[in-house]
Structures are given as structure tokens and as C-alpha cells.
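Chain and residue survey
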Amino acid sequence: MTAPNVQNNLPNAGKQIRLGRLINPANGRAALVAFDHGLHIGTIPGVENPGAMLETLADAGADGFLVAPGIARTYASVFTGRGAPGLIMRLDWTNRWRGKEALGHDEGRGRLIASVEDAARLGADAVLVYMFVGYADPDAEAHHIEWVARVVRDCETLGIGCIIEPMPRGGLVGDNPYDADFVALGARIACEIGADVLKTDWTGDAESFQKVTAAAFRPIFLAGGPKTDTDRDTLAMIRGALDAGAMGMFVGRNVFQAPDPGRVMRVLRSMIHHDLDVERALELLDS
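Heads up: these notes are all about the structure in this document. Everything numeric here is computed off the predicted structure, so don't read it as measured data.

Here we take up unusual backbone geometry. The backbone phi angle of leucine 103 is positive, close to 65 degrees, even though this residue is not glycine. Of note, leucine 103 is situated in the loop between strand S4 (92-94) and strand S5 (110-112). Phi angles above zero are rare outside glycine, and aspartate 275 is one such case at about 55 degrees. Residue position: aspartate 275 is located in the loop between helix H11 (261-274) and helix H12 (278-286).

Here it is, written out as C-alpha cells:
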């Protein structure tokens, strides 16, 4: 399967330049790290010392980081200089991921906390927003789509890369938010709205994930999701997504909560940029 290259059909020179700092223009691939967890769920293992972890993963070859505005502002040095990783700024917040013991809500709601203009001022190469489908309240879903579309238009105006994270969540979704048909539905809607790049859930195996890549006409990067049980599980997930047409990863906890985050980052980068299989990647982890 030939996946769409992020540089295709990007007449906006600003987008082309900025996304080229995140994603290899030669092959369309990238090893990206999600590091925005503290915005939504507070302090969790691996994010207690943001600057040190960002430096560790940058030194290990992370192509870019997804961070909240406060991290972007405080740790600007991580993103400064030739060869520094790219900066993706999250523009929205949600209370969806907190359990009730942490003052969360069953279905949750989100809001924009920053603008594309704010991201440009902080030097971002791209912005990212959630796009939830499946709310029990249809007006809540429509409102969400409306402000996602507004972000897309602002990105066009300012020449900033636009990454949408479509996720089936909410009262209509039921017990399996990773259903391939649901994930594919969100991916197609995000493309139609105008995403440059997508960050999507893993559907469990390469065969089902092909439904997602087939539904999308923009490059897909795999969201890491919850912490996996073993390194093999993490590597198999990423290998399966690549085989199904994904262009790389947006992994968080499976990197920064690893016993040796730098080593895991280096191996995942090699898997994505040099097409390692799972067994070879495991050998590198153990070496």
C-alpha cells in the first residue's frame, strides 16, 4: 500500500516548510512523541521533570513533540537550533480522560485553550486538536466539529501544519472505541474537514487498521494509547500500523514510562525510518 505523502498537495509554502521539520520529506515518515498528558490528567510517571525527559528523548532522535502551551513556553530551548526536534502545540483541553476519583466526567467535554496565532508566536511547526465523534448529545458533536474546522482555516491562513486526532468516544460509541469502522469514520471526516495529518487510535491488528488508512487520504500517524504490557507489544503495534500504511507514530507513555526511555526512543526511530521488523528491534533493545 502506498500511503499519501504529507508534502503532496500542499501549495502553502509555510505548511511545507514547517511540516518538513517534523516529517522526513523523502519518505513521509516521523517518530513523534506525545507529551501533553499533564494538561489533561495532571502529573503521571515520566512527566514529573519535563525538561529532562524532553532532552533525553530529543537526544535519542525524536523528530518532534506534542506539548501544551506551557511546556512549549517553558522549555523552548529543547526546540531551538539546527537539528532540534519539531514543535507541535496542542490547542485544546478535555476532562474526558480523568476518572471520577480525579474529578472527571463520564463523557467529558473539551474546549480550545489556545489559538493557531498563539502557536505561531511560540514557534510551533504544527498544531493538534482532538475531534471526538459519538457524543450522546448531537449538538455537542456538532459544536466540536465547528471549532475543529475553525482551527483548520486558521492554519491555512498562517501556514501552520494542522494535525487532527479523530477519536470515537462518548455515549453512542459503546464498549469498543477502537472498532475499525468507527476509527475509519473519524479519519475520513477529519480529512474532509482539511487535516494535513491525522493521529489515530490503533484498532488491534494490521488487517483492521487497513480500513482506517484506506478511508483516509492524508498521512496517518499511530497514537500510542495506554501503556502496553511488554516491549514486544509496543513494537508489534507500531510494526503492524506501518505495514497497514501508517507513516509513523505519536507514542507517549510507551516511551516516557519505559525503564530506559532513550533506548526505546532510539529503537522506535530505527523501526520507523529503517523499517526494522519486530525481532530485529527487540535485539536492539536487548543489546
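Further notes follow.
Another aspect to go through is the nonpolar core. One finds Phe65 and Ile164 to be the most contacted residues of the largest nonpolar core, which totals 73 residues. For this core, the leading source of residues is H11, giving six residues. Other than its neighbours up to four places away in sequence, isoleucine 164 contacts Val129, Met131, Val148, Val152, Ala190, Ile193, Ala195, Val197, Leu198 and Lys199.

Here the focus is the pattern of salt bridges. The final tally for this structure, using the stated rule, is 21 salt bridges. The shortest N-O distance in the salt bridge between glutamate 165 and lysine 199 comes to 3.2 Å. Here the residue glutamate 165 occupies a position in strand S7 (residues 161-168), and lysine 199 occupies one in strand S8 (residues 197-200), the gap between them amounting to 34 residues. Across the pair, lysine 199 and glutamate 165 agree in class, each one buried. With a shortest N-O distance of 2.9 Å, arginine 239 and aspartate 243 are connected by a salt bridge. Here arginine 239 pairs with aspartate 243, and both are found in helix H9 (residues 231-243), just four residues apart, close to one helical turn. Linked by salt bridges that have partners in common, Asp36, Arg90, Asp92, Glu165 and Lys199 make up one network.

On to the packing of H11 against H12. Viewed as axis vectors pointing N to C, H11 and H12 meet at an angle of 155 degrees, and their least axial separation amounts to 10 Å. In terms of orientation, H11 and H12 fall into the roughly antiparallel class. Considering the relative orientation of H11 and H12, their crossing is right-handed. Side by side, H11 and H12 meet where Arg263, Val264, Val267 and Met271 of the first sit next to Val278, Ala281, Leu284 and Leu285 of the second. Here the contact of H11 with H12 is composed, by residue class, of seven nonpolar, no polar and one charged.

Time to look at the environment of aspartate 118. Here aspartate 118 is to be found in helix H5 (residues 116-121). The spatial distance from the C-alpha of aspartate 118 to the C-alpha of methionine 89 is 9.4 Å, given a sequence separation of 29 residues. A polar contact of 2.9 Å, which involves the side chain of aspartate 118, links it to the backbone nitrogen of serine 115. Polar contacts involving the side chain of aspartate 118 include one to the side chain of arginine 121, which spans 2.2 Å.

Here the structure, examined in full by the defined rule, presents seven aromatic pairs. Taken together, a centroid distance of 6.0 Å and an interplanar angle of 65 degrees make the contact between tryptophan 97 and phenylalanine 132 edge-to-face. With tryptophan 97 in the loop between S4 and S5 and phenylalanine 132 in strand S6 (residues 126-133), the pair connects residues that are 35 residues apart, well separated along the chain. Judged by relative accessible area, phenylalanine 132 falls into the buried class, the value being 1%. Seen in terms of ring centroids, phenylalanine 132 and tyrosine 135 are 6.5 Å apart; in terms of plane orientation they differ by 80 degrees. Their pairing is edge-to-face. Each member of the pair, phenylalanine 132 as well as tyrosine 135, is classed as buried. What links up through ring pairs into an aromatic cluster is the set Trp97, Tyr130, Phe132 and Tyr135. Looking at arginine 90, its charged tip hangs above the ring of tyrosine 130, at a distance of 3.8 Å from the centre. Sitting over the ring of phenylalanine 250, lysine 199 keeps its end group 5.4 Å from the ring centre.

In this section: the packing of helix H7 (residues 180-193) against helix H8 (residues 206-215). Viewed as axis vectors pointing N to C, H7 and H8 meet at an angle of 15 degrees, and their least axial separation amounts to 8 Å. Classified by the angle between their axes, H7 and H8 sit roughly parallel to one another. Between H7 and H8 lies a crossing whose hand is right-handed. Here Ala180, Asp181, Val183, Ala184, Ala187 and Arg188 of H7 come into contact with H8, specifically with Ser208, Lys211, Val212 and Ala215.

Mapped onto the secondary structure, arginine 96 falls in the loop between S4 and S5. Only 2.9 Å separates the side chain of arginine 96 from the backbone oxygen of glutamate 107, close enough to count as a polar contact. Dropping the residues within four chain positions of it, arginine 96 is found in contact with His105, Glu107, Gly108, Phe132, Tyr135, Arg169 and Gly170.

The rules behind these values
Residues numbered from 1 in each chain as written. Predicted model: local features only at pLDDT ≥ 70, side-chain atom pairs only at ≥ 80, totals over all residues. Heavy atoms only, no water. Helix = DSSP H or I, 4+ residues; strand = E, 2+ residues; numbered from the N terminus. Core = buried A, V, L, I, M, F, W, Y, C linked by side-chain atoms within 4.5 Å. Buried < 20%, exposed > 50% of the residue type's maximum accessible area, 1.4 Å probe, protein only. Contact = heavy atoms within 4.5 Å. Salt bridge = Lys/Arg side-chain N within 4 Å of Asp/Glu carboxyl O. Axes fitted to C-alpha atoms, helices over the stretch in contact; angles between N-to-C directions. Parallel < 35°, antiparallel > 145°, perpendicular 65-115°, else oblique. Left-handed = near helix turned anticlockwise from the far one by under 90°. Nonpolar A, V, L, I, M, F, W, Y, C, P; charged D, E, K, R; others polar. Polar contact = N/O pair within 3.5 Å; in protein donor to acceptor, adjacent residues only side chain to side chain. Phe/Tyr/Trp six-rings, centres within 6.5 Å; stacked < 30°, edge-to-face > 60°. Lys NZ or Arg CZ within 6 Å of the ring centre and 35° of its normal.

Keep in mind that these numbers describe shape and distance, not what the molecule does.
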